[in-house]
Amino acid sequence: LRLKCEHLLERSSEFASPRRTTMIVCGTLTVFLMSSVEHSRLHMGGGHAPAEWSYDAGGLRGWSYYIRAFNLLREQPSMEIGWGQWSKPGGHSEDILEVCGLHPGGFVCDPCEACESTGTCSDPVTGDPAPISGGCQDPIREDPTLANCGHPTDYEATESCAFWECGEDSKGGVRGSIEGGMGYWMYTLETPNVKWMLPGATNANYEIFAGTFLGDRPQLCSVLGGAVRVSNRLLVPNDFVTFAGGDPDGFLGYMLTKTPLGKRSANDTANYWTIVIDAANFAGPVMYTAAWFWDSRINWHPKSISWSDPRVNIGYVAQGFEGSIGAFTARQGGSQYWRTTRWSMPRDRFGPSSSPNTSTLFTGHSQFATDWAVDALEPMLSGTGPVGERTHTFVQQRSAESRTRPDCNAPPEGEGGMSVWDDQEDSEVTWSGFGIGSAYDQTKSEAAHCASTLSLDPSNAALSCDQRRCEAAAFLQGGLGNSDPPVVISADAVPPEVKAQFDEAAFQPTKMNEGTFLGPPAETEQACFDKPASDTMYCTFTASKAWIGWRWYRFVDQPELYMVFESLPDDGTRQAARDYMQARIERLHRQQEADSTGGWFSPPQGDAALPAEKVSIDPALLLTPPTGFEYGYVPIAVYQKPRVKPAECDVEVNVADPRPEPHPESYWEDCTSSSGIPNPNCNRPAGSYEVETCSANNESRAAFNYPGRIYGYWPGGSQDDRVPYDVPTRDSLPTRAA
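Thresholds, definitions, all that
Residues numbered from 1 in each chain as written. Predicted model: local features only at pLDDT ≥ 70, side-chain atom pairs only at ≥ 80, totals over all residues. Heavy atoms only, no water. Helix = DSSP H or I, 4+ residues; strand = E, 2+ residues; numbered from the N terminus. Rg over C-alpha atoms; globule rule 2.2 N^0.38 Å. Buried < 20%, exposed > 50% of the residue type's maximum accessible area, 1.4 Å probe, protein only. Disulfide = S-S within 2.5 Å. Axes fitted to C-alpha atoms, helices over the stretch in contact; angles between N-to-C directions. Parallel < 35°, antiparallel > 145°, perpendicular 65-115°, else oblique. Contact = heavy atoms within 4.5 Å. Nonpolar A, V, L, I, M, F, W, Y, C, P; charged D, E, K, R; others polar. Pairing = 2+ DSSP bridges. Patch = residues over 30% accessible without salt bridge, like charges linked within 9 Å, V, L, I, M, F, W, Y side chains within 5 Å. Areas by Shrake-Rupley, 256 points an atom, 1.4 Å probe, with all protein chains shown as cover. Salt bridge = Lys/Arg side-chain N within 4 Å of Asp/Glu carboxyl O. Lys, Arg positive; Asp, Glu negative; His and termini not counted. Charge placed at Lys NZ, Arg CZ, Asp CG, Glu CD. Core = buried A, V, L, I, M, F, W, Y, C linked by side-chain atoms within 4.5 Å. Left-handed = near helix turned anticlockwise from the far one by under 90°.

Draft legend 1. Summary view of the overall build of the chain. Counting secondary structure elements, the chain contains 12 helices and 35 strands. Over its C-alpha trace the chain gives a radius of gyration of 28 Å, about what one expects of a compact globule, namely 27 Å for 738 residues. Based on the C-alpha atoms only, the size of the chain along its principal axes is roughly 95 × 75 × 55 Å. For the chain, the proportion of its 738 residues judged to be buried stands at 57%.

Draft legend 2. The state of the cysteines, seen in detail. Taken as a whole and assessed by the stated rule, the structure comprises 8 disulfides. One disulfide in the model links Cys100 with Cys166; its S-S distance is 2.0 Å. The S-S bond linking Cys100 to Cys166 shows a torsion near -65°; that makes this disulfide left-handed. Taken together, the residues span a long stretch of sequence, with Cys100 in the loop between β6 (81–90) and α3 (105–108) and Cys166 in the loop between α5 (155–158) and β7 (177–184) at a distance of 66 residues. The pair Cys100 / Cys166 is uniform in exposure class, with both members buried. The partner cysteine of Cys671 in its disulfide is Cys682, sulfur to sulfur 2.0 Å.

Draft legend 3. Structural view of the packing of helix α7 (residues 372–382) against helix α12 (residues 573–595). One way to put it is that α7 packs onto α12 with a least axis distance of 8 Å and a crossing angle of 100°. Taken together, the axes of α7 and α12 lie roughly perpendicular to each other. Two secondary-structure elements touch here, α7 through Glu378, Met380, Leu381 and Ser382 and α12 through Tyr580, Arg584, Arg587, Leu588 and Gln591. Among the residues forming the contact of α7 with α12, the class breakdown is 4 nonpolar, 2 polar and 3 charged.

Draft legend 4. Up close: the sheet that holds strand β31 (residues 651–652). Read from one edge to the other, the open sheet built from 4 strands follows the order β30-β29-β28-β31, with strand pairing classed as mixed. With one partner strand each, in any of the chains shown, β30 (633–642) and β31 form the two edges of the open sheet. Sheet topology places strand β28 (residues 538–541) next to β31; 2 bridges connect them, and they run parallel. Each residue of the ladder has a partner; that of Cys539, found in β31, is Glu652.

Draft legend 5. Structural context of the sheet that holds strand β23 (residues 452–456). The antiparallel open sheet is built from 8 strands, whose spatial order is β11-β14-β13-β12-β5-β18-β23-β22. Of all strands in the sheet, those bounded by a partner on one side alone are β11 (228–229) and β22 (436–438).

Draft legend 6. Up close: a negative patch on the surface. Taken together, the side chains of Glu94, Asp95, Glu168 and Asp169 define an acidic patch exposed on the protein surface. Residue position: Asp95 is located in the loop between β6 and α3. Here Asp95 falls in the exposed class, since its relative accessible area comes to 69%.

Draft legend 7. Here's a closer look at the nonpolar core. The biggest cluster of nonpolar side chains holds 85 residues, and the ones touching the most others in it are Leu72, Trp83, Trp196, Trp343 and Met345. Listed in part, the 58 residues of the second largest apolar core include Leu224, Phe555, Ile585 and Ile710.

Draft legend 8. Representation of the packing of α7 against helix α8 (residues 392–402). It is at 9 Å that the axes of α7 and α8 come closest, and there the two elements cross at 165°. One finds that α7 runs roughly antiparallel with respect to α8. Handedness of the crossing formed by α7 with α8: right-handed. Judged by residue contacts, Trp372, Asp375, Ala376, Leu377 and Met380 of α7 engage His392, Phe394, Val395, Arg398, Ser399 and Ser402 from α8. By residue class, the composition of the contact of α7 with α8 is 6 nonpolar, 3 polar and 2 charged.

Draft legend 9. Main features of the environment of Tyr562. Positionally, Tyr562 belongs in helix α11 (residues 562–566). With a relative accessible area of 0%, Tyr562 lands in the buried category. Residues Tyr562 and Pro734, spaced 172 residues apart in sequence, show a C-alpha to C-alpha distance of 9.8 Å. Residues contacting Tyr562, with those up to four places away along its chain left out, are Cys221, Ala527, Cys528, Leu733, Pro734 and Arg736.

Draft legend 10. Summary view of α7. Taken residue by residue, α7 has Trp372, Ala373, Ala376, Leu377, Pro379, Met380 and Leu381 as its buried positions. Close packing links the buried residues of α7 with β12 (249–258), β18 (358–368), α8 and α12. Following α7 by one or two positions, Gly383 has its phi on the positive side, about 75°.

Draft legend 11. Layout of the environment of Arg41. By secondary structure assignment, the location of Arg41 is in strand β3 (residues 38–45). Judged by relative accessible area, which is 41%, Arg41 ranks as partly exposed. Separated by 297 residues in the primary sequence, Arg41 and Trp338 have C-alpha atoms spaced 9.5 Å apart. For Arg41, the residues in contact, after removing those within four places along its chain, are Met79, Ser324, Ile325, Gly326, Ala327, Trp338 and Asp422.

Structural measurements only, silent on function.
Here you go:
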C-alpha cells in the first residue's frame, strides 16, 4: 500500500489542479497537494470620508483640502488603487431643466449593422420592407421606448424623447464629474511610485474624458477643453503628475473652485472650474475646464443646460480610499494562503492632531459658498481696480475670508481602519488585524478642519515600523469557508512549500501603456496642435523614468482651446474672444512673477500643524519660460514614453545623469514572469474611435453625425442668443488661420 501511495504522489502533478487543492486518498492515507501559485487581487479600503459638505444655498462654488502623497505600495503595483475625491454638479432647481440633460443622439447612434431580425427588417429611410441582412438595424424598431429620440438634427421633434432618464421629472439632471487624487492606475505608464491624477474631468456618463491626450486611444480635437493649461511654470504631463525623489511623503493642497480664467468676454458668466494646488515647490492655478467640454455632449437644444451654466454648482463631493492590491495565492492542507503586495502607511509628525503613531490621509478641508475667486481675480485679470487688489496676496486673503469648515464626520462604528477583503460568490472574507485602526477624535478633527486619521500600533506583530512608516504584514491565511477563518500571519506560519513559491513569484510592471497614444499627435489630432509658438521641442525625464517632449504655445493657441474658438462665429466674435483671453492670461503671468508666488490658499490650521510637510512636485516638471515666452505662453506636452527620448528633442531641460536605459525590444511582448505566472496587465488597447457617423433610423431618415449641432453657452450675455455649431467629424476638422 505504501508503494502504491508513493507512486501516486510521484504522479501528483498529473492530478493537481492549478485552481484548487487536490486531495488524494490512498487507503487510510489522505494527502492534500498544494495548488500552483496564481496572481490574484484583494480589495483594500481604509480611513473615512472626513467632511460633511454643505450644499445649501445653491451648492458649493468650490472646496479645498490637503491630501497625502505617499507610496502606499512598497513594491511593484499590479492593481488599481487610489485615494481622493470625485465631485459632481448640483445645487440647482430641477425647474431650470426644460429639456433632457442627456443628448438623445447618443441613444440612437449606431454604426450600420446588417438587419437580421426576421419579420422586423425595414429600410430606415423609406420604411419599406427590407430583405434579411439588407439595410441597417434600426434601434427604434428594436426598442420602441426610443421613440422621438431618433431625429437629433431636429431638436423640436426630439423634445419628446422620453427614453431612460429623459422621461423622468429630473430629465436626467446635469451630468459630469471632476475626479482626482493619488494612486496607481494600470492603464498609465509603468512606475512603482504614486502619481496624482490630473486632469480628471468626465462628461456624459464617461463618454468623453478631459486631457490633451488619452492613454488608450487617440483624442478627438472636437472634445478638447477639459484641461486648459494655465501655468507657464508647471509642465502638466500626459500621464499624470509625479513627485520629487520617487518616494514622496507629504501633503498636496488641492482646490477646485469656480474662477473667471476662461472668460471669453466681459459678459461671459459661464462656469470655469479650476484646479489650484499648494505644494512645497509650486503653488497656484494649473488648469481649468472650458465651457465647451461640458456643452459638447450635452447642449443638443438651445435650452440645454450643462455644467457650464452658472446656476449649476457643486452638488456632490465624495472622498474615499479604495481599490485593490495584487496578491499571490495558493492552497494547501485545506487552507488558502496569500502573499500581498507589500504596503505601508506613513507616520505623522508631532502636532496638535497627530503623532508618530498616527497616519493622516486627508486634512484641512474648506468649502466655499460664494463666487469668491470670480470676484477676487477680476482686478488682476482685467488690470483694473486698486493696485493692491491685483495681487495673489489679495486672492489668498479673500480665500481665507470666504472659506468655512464643513462639519466633520466620524467613521461608522468599528470602521475607519485599514482592511483587505476577498469577494467570494456568497460571502466576503475580510482581514483587518494589521494594527491599523481609526484615530478619530472629534476635537482634534475639527481643529484640523476635518481629518481622516489612522492609528498605528507598533507593538502589533503584524506591523513593522521605522521612523518614516509602518509596513503591514504581507502574509494572510483563510478564505475556504468556516474551517479556514481569515487571519494575518507571519512569514514563518506559511507552509515551506507555499512560501518557497511565494518567494519565487514577483509582481510585474504594467505593460498596458507604452506611450503610443501620448504623442506625437495622431493624424486625427494634428489640427488642434498646428500652432505652436515655436517648432523647438524641449524634453526632460521624470522620476518615473518617462521622457516628455513639449513645445510652447500662446495660451489661446493651445490644443485645449481649439474648439472653444472654432465654435464661435467668425464674424469678429472669435477674434475678440482670443484677444480678450490672451491679454488676461498675460496679466496673470506678470503678476505671478512680481509676487514670486501664485499661492491662492493655505492650510486652515496653518502649515506647521499639518501632520507632515508639503510634498514637492517632480522638479523635472518645473519650468522657466524661454526668452520671449515669459508671459502668455504655456508648455504643452506632445510626447511621453517610458525610457525613450524623443528623436525630435532640441533642448534638454532639468536633465541629469544617469539617464534611463530603454527597455529591450522584447520587453513589451514578454507577458510572463520568470516564475511562469502571467502578467495580468499586458493587454494594450487597440485605440479605436467612437462612432461619429450614425446610421439612419426610421425617424432621422438619413445618416447623421454625432454629436452634430451643439448650442454652446453663449459668452455674450443672454442665452437666448446662442449660436448653433455643427461639430466636425475627425476627418473634416477646420484648419486654423495663421
